[in-house]
Amino acid sequence: MKLTLALAVITALSACKREPQQEAVVVPTQEVVAGVAMIDFEAEAAKFSCRVPGEWGMEPEKYLEPSKGIALSGGQATHINIYRYPEINPQYKDARTYAESIVLITPDGKQPEITEEKIGDKTVLRFHYERMPYPKRTRDSDRPNRLDFALIPVKGGFYEIKHTASVDTYKKTLPVFEAVVRSFKPKI
C-alpha cells in the first residue's frame, strides 16, 4: 500500500515538473514515392526548393552550412545530398567539368558514362558509379555503395543531387532520389 501511494506521489510530482509539450509541426505530404512520404522543402540560404522525404533526418547544420546545401539521411547508409557549387567547392563552377573529374576518384579509374536529360528548361547531367563505403558500415562489410548523380547547371554554377546507398538496397530508394530530381527548382 505504501509503495502504491509513493508511486502515485512520484507520478504526480513528475507530471508537475514536465514542460508543456509543444505541438508537432505537421507538414502535408505531397506525394508518396516507393512508400516514402514526400514533402515540399524550401532551402532559402542555398536558393532552391524541391520535394524531400519527410521522415528522413536532416544532418545538423554544424556539418554543412545552409548556403552550401542539405544532407538527408534515410538510415541504413542511405543518403541524398544536395550541394550548391561553387559554394561547396570553389574549384568547380561547371557541371560538365565536375562530371568529367569523377574519373579521379572512381575505384577502377574509368570515367562513368555521362548522359543528358531534359527536365523542364534545364539539361541535367547524370552518371553513377560504385565504391566501397568509408568508413565501412560493419567490420565484415564488403559490399560497395552505389552513388547516383544529377547535376543541374544554373547561372554561375550548378547543383549536385547525389543518392548514396548499398548496391544491395539502392533500388528501394532510387525512386525517391528521382522524385527529388524531378521536383528540384533552383532560385537562381
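Calculation notes
Residues numbered from 1 in each chain as written. Predicted model: local features only at pLDDT ≥ 70, side-chain atom pairs only at ≥ 80, totals over all residues. Heavy atoms only, no water. Helix = DSSP H or I, 4+ residues; strand = E, 2+ residues; numbered from the N terminus. Buried < 20%, exposed > 50% of the residue type's maximum accessible area, 1.4 Å probe, protein only. Contact = heavy atoms within 4.5 Å. pLDDT = per-residue confidence, 0-100. Pairing = 2+ DSSP bridges. Core = buried A, V, L, I, M, F, W, Y, C linked by side-chain atoms within 4.5 Å.

### Brief notes about the side chain of Arg-84
Here's step 1: Relative to the elements of secondary structure, Arg-84 occurs in strand S6 (residues 78–85).
Here's step 2: The class of Arg-84 is buried, set by a relative accessible area of 11%.
Here's step 3: Ignoring sequence-local partners within four residues, the contact set of Arg-84 consists of Ala-45, Ala-46, Lys-47, Ser-67, Lys-68, Phe-158, Tyr-159 and Ile-188.

### Topic: the confidence of the model for the chain
Here's step 1: In this model, the chain carries a mean pLDDT of 86, and residues with pLDDT of at least 70 account for 80%.
Here's step 2: Scored below 50 in pLDDT, residues 1–14 makes 0 contacts in the model with residues more than four places away or belonging to other chains.

### Description of the sheet that holds strand S11 (residues 185–186)
Here's step 1: Spatially, 4 strands are ordered S1-S2-S3-S11 in an open sheet, and the strand pairing comes out antiparallel. Bordering the open sheet on either side are strand S1 (31–33) and S11, each of which pairs with just one other strand.
Here's step 2: Here 6 bridges tie strand S2 (residues 36–43) to strand S3 (residues 48–53), and the two strands are oriented antiparallel to one another. Residue Met-38 lies in a different strand from S3, and its bridge partner there is Pro-53.

### Considering the nonpolar core
Here's step 1: Judged by nonpolar contacts, the single largest core of 31 residues is most densely connected at Phe-48, Ile-82, Ile-161 and Phe-184.
Here's step 2: For this core, the elements supplying multiple residues, two or more each, are S2, S3, strand S5 (69–75), S6, strand S9 (145–154), strand S10 (157–166) and helix H3 (170–183).
Here's step 3: Ranked by residues supplied to this core, first place goes to H3 with 7 residues.
Here's step 4: Those residues within four positions of Phe-48 in sequence are excluded, and the remaining contacts are Phe-41, Glu-42, Ala-43, Ile-70, Ile-82, Tyr-159, Phe-184, Lys-185, Pro-186 and Lys-187.
Here's step 5: Listed in part, the 16 residues of the second largest apolar core include Tyr-85, Leu-125, Phe-127 and Tyr-129.

### Quick word on the pairing of S2
Here's step 1: In this structure, S1 lies alongside S2, joined through 3 bridges in antiparallel fashion. Bridging across to S2, Val-33 finds its partner in Val-36.
Here's step 2: Between S1 and S2, which follow one another and run antiparallel, lie 2 residues, and Ala-34 among them has a positive phi close to 50 degrees.
Here's step 3: Hairpin connection, S2 to S3: the antiparallel pair is bridged by 4 residues, and Lys-47 has positive phi, about 60 degrees.

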